[in-house]
Amino acid sequence: MVHVRIDRKSSCLVLLLLITVLFGCVTKSAAICLGCAVIQVIMVCWKAGLSFLSAFCFIINYCLLPQYIAYTGGNVYGLLGLGYIKIYFFELCYCCYALNTVIFSFIVFTSFIRNERKVFKKNYSFSHTTVILLSIAAVLLTLLIFPDIPLGFDVENRFNSGIIPFSGWSCIPFFLLSLGLLSQKRKKIVYSATGFVCLWYMMHGERVDVIGMLFFIAMVFFHSKKRRKQDIIGAALIGMFLVAILLAIGSWRDGERFSIRNIISSVVVQSTVCDVTNVFNASMDTFYKGNTFGGVTYLSYLINCIPRMPDNYSFQYLIGKTYRSAGGGIFFAEPIANFGFIFTAMEIFLFAYFIYFITKKQTKYRSLIYAELCLSIFRTAWYGLNYPIVTILYFIPAVLLLNKYTWMAGRGASCSVSNDLS
């Protein structure tokens, strides 16, 4: 159950947001439609601050920018700029409006923000041994995924040159490190391992998982304890510097010359955002032409839980059979291609409710699920809900079992020492 707290101020705020939604839906101006979405995002971020829901809202609405540029005839990256699919700008706006409304309602009417802060303030009983072992495992997995010393960005082979595959494993090192960052028993080895893993990924041209890790670190930093104003300003400056580095890596990886102009251009027209927005247009085209998938893509969620099982039902595979695609797909793309707008609104609500449900109680199991959701926030927003399932299904129970074993072993050793001394 969702415990709703209705007061006059909250109701007025939601009413104000709904006015922007109504105005955006009736206008025929693309600029005004975009402006309404910007106002909604500002309202969400102002009310929630640094939060999973506010960040998710920002990431999704960010896709409106290249969509607007393409719709108005501007130059954008990749397949989106080729114009071989109709640009469904207003449809993307309407989906974003639905997301913004649901997220804002959960923020103002429920205890989500307070519960989220408790997740990071709680002292979880993860053992020292577990934290150290998982930090070492994170480094080893990183080296198995990227075993070569990075001397340049090998775009063609960077996903398949490892001893273990990048796909399905890329998020695991960061998840293993998140336990150490989330616990109150953080050690220098956790920070050292986190720095190495992030640097190794970046040197191999990988950014999305690193950005997810930076977001999780920011969540831990801001919510674990009360911060001074100068701490927040310093952290913000460091974050901006790291984001600039990640953007520069993207430019170098794509063979572009490094310049301030290219950096600004990559912010406005980010390549991954253009690719996943293009997939949304393909989904809308599929829906309007009556070629919807009827929910068959959701079988992929079950298939991916079985190791090495071939997946011929994934959304990316099916949409790629009809349209040229660089992979991925904004959060709305899969439900649109399956059942259309109404089902998309239902999925938005269920996703927001799941986030609320996970944070409602602060247990080790739920905290690790939430950590994985934070780490995979960009993947979920731009590649769909399939991404974090394997980690949640397999690795979280495995980590909890390891933690339980190390606690028992530690207590057994302590009892043995006590008996020897007595």
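Throughout, residues of each chain are indexed from 1 in the direction in which the sequence is written. Per-residue local features of the predicted model are confined to residues with pLDDT of at least 70, and side-chain atom pairs are confined, for both listing and counting, to 80 or more; whole-chain, interface and lining totals are unaffected and use all residues. Each side-chain value is derived from all of the structure's non-hydrogen atoms; neither hydrogens nor water enter the calculation.

S.K.: Explain the overall build of the protein chain to me, using residue names and the numbers behind them.
M.R.: In this description a helix means any DSSP run of H or I spanning at least four residues, a strand means any run of E spanning at least two, and both kinds are numbered starting from the N terminus. Helix and strand content of the protein chain: 21 helices and zero strands. Expressed as a percentage of the 422 residues in the protein chain, the buried residues total 50%. Throughout, a residue-residue contact means that at least one pair of heavy atoms, one from each residue, lies within 4.5 Å. Here the contacts in the protein chain between residues at least 6 apart in sequence split such that 79% fall between residues at least 24 apart. Accessibility throughout is a Shrake-Rupley quantity obtained with a 1.4 Å probe, and a residue counts as covered only by protein chains that appear here. Approximately 20,200 Å² of the protein chain is accessible, and the part contributed by carbon and sulfur atoms is 66%. Exposed residues in this analysis have more than 50% of their type's maximum accessible area, buried residues have under 20%, and partly exposed residues fall in between, with area computed by a 1.4 Å probe over protein chains only.

S.K.: Hey, could you go over the nonpolar core for me, with residue numbers and the actual values?
M.R.: One recurring pattern in soluble globular proteins is that nonpolar side chains are buried together. What makes a nonpolar core is a set of buried Ala, Val, Leu, Ile, Met, Phe, Trp, Tyr and Cys residues whose side-chain atoms join them at distances within 4.5 Å. F52, F56, F332 and Y370 are the most contacted members of the largest nonpolar core, which totals 121 residues. It is helix α6 (residues 89-109) that provides the largest number of residues to this core, a total of 15 residues. When near neighbours in sequence (up to four residues on either side) are disregarded, F56 contacts L99, I103, F331, F351, I377, T380 and A381.

S.K.: Account for the confidence of the model for the protein chain, naming residues and giving values.
M.R.: A residue's pLDDT is the confidence the predictor assigns to it, expressed on a 0 to 100 scale. Summing up the model confidence of the protein chain, the mean pLDDT is 82 and the portion of residues at 70 or higher is 80%. Mean pLDDT across the elements of the protein chain ranges from a minimum in helix α12 (residues 229-253), with 60, to a maximum in α6, with 95. The low-confidence segment residues 414-422, where pLDDT is below 50, has zero contacts with residues more than four positions distant or belonging to other chains.

S.K.: An account of the packing of aromatic side chains is needed here, citing residue identities and associated values.
M.R.: Between rings of Phe, Tyr and Trp, where Trp is taken as its six-membered ring, a pair exists when centres lie within 6.5 Å; planes separated by under 30 degrees are stacked, by over 60 edge-to-face, and by other angles tilted. Here the structure, examined in full by the defined rule, presents 31 aromatic pairs. Both rings, one in F52 and one in Y370, keep their centres 5.9 Å apart while their planes meet at 50°; by these two values the pair is tilted. Taken as a pair, F52 in helix α3 (residues 52-62) and Y370 in helix α19 (residues 364-375) lie far apart in primary sequence, 318 residues in all. Neither residue differs from the other here; F52 and Y370 are each classed as buried. Between Y353 and F357, the aromatic rings sit 6.5 Å apart at their centres with planes inclined by 25°, giving stacked as the arrangement. Linking Y353 with F357, this pair stays in helix α18 (residues 341-360), spanning four residues, or about one helical turn. With relative accessibility at 24%, the residue Y353 sits in the partly exposed group.

S.K.: Describe the side chain of Q40, with residues and values.
M.R.: For Q40, the location among the structural elements is in helix α2 (residues 30-48). The class of Q40 is buried, set by a relative accessible area of 0%. With residues near it in sequence (within four places) discarded, Q40 still touches L17, T20, V21, C96, Y97 and N100.

S.K.: Tell me about the side chain of S283, and name the residues and values.
M.R.: On the secondary structure map, S283 appears in helix α14 (residues 271-288). Overall, the relative accessible area of 0% leaves S283 in the buried class. Think of a polar contact as two N or O atoms within 3.5 Å of one another; within protein, one of them needs to be a possible hydrogen donor and the other a possible acceptor, and neighboring residues in sequence only count if both atoms come from side chains. From its side chain, S283 meets the backbone oxygen of A333 in a polar contact 3.0 Å long.

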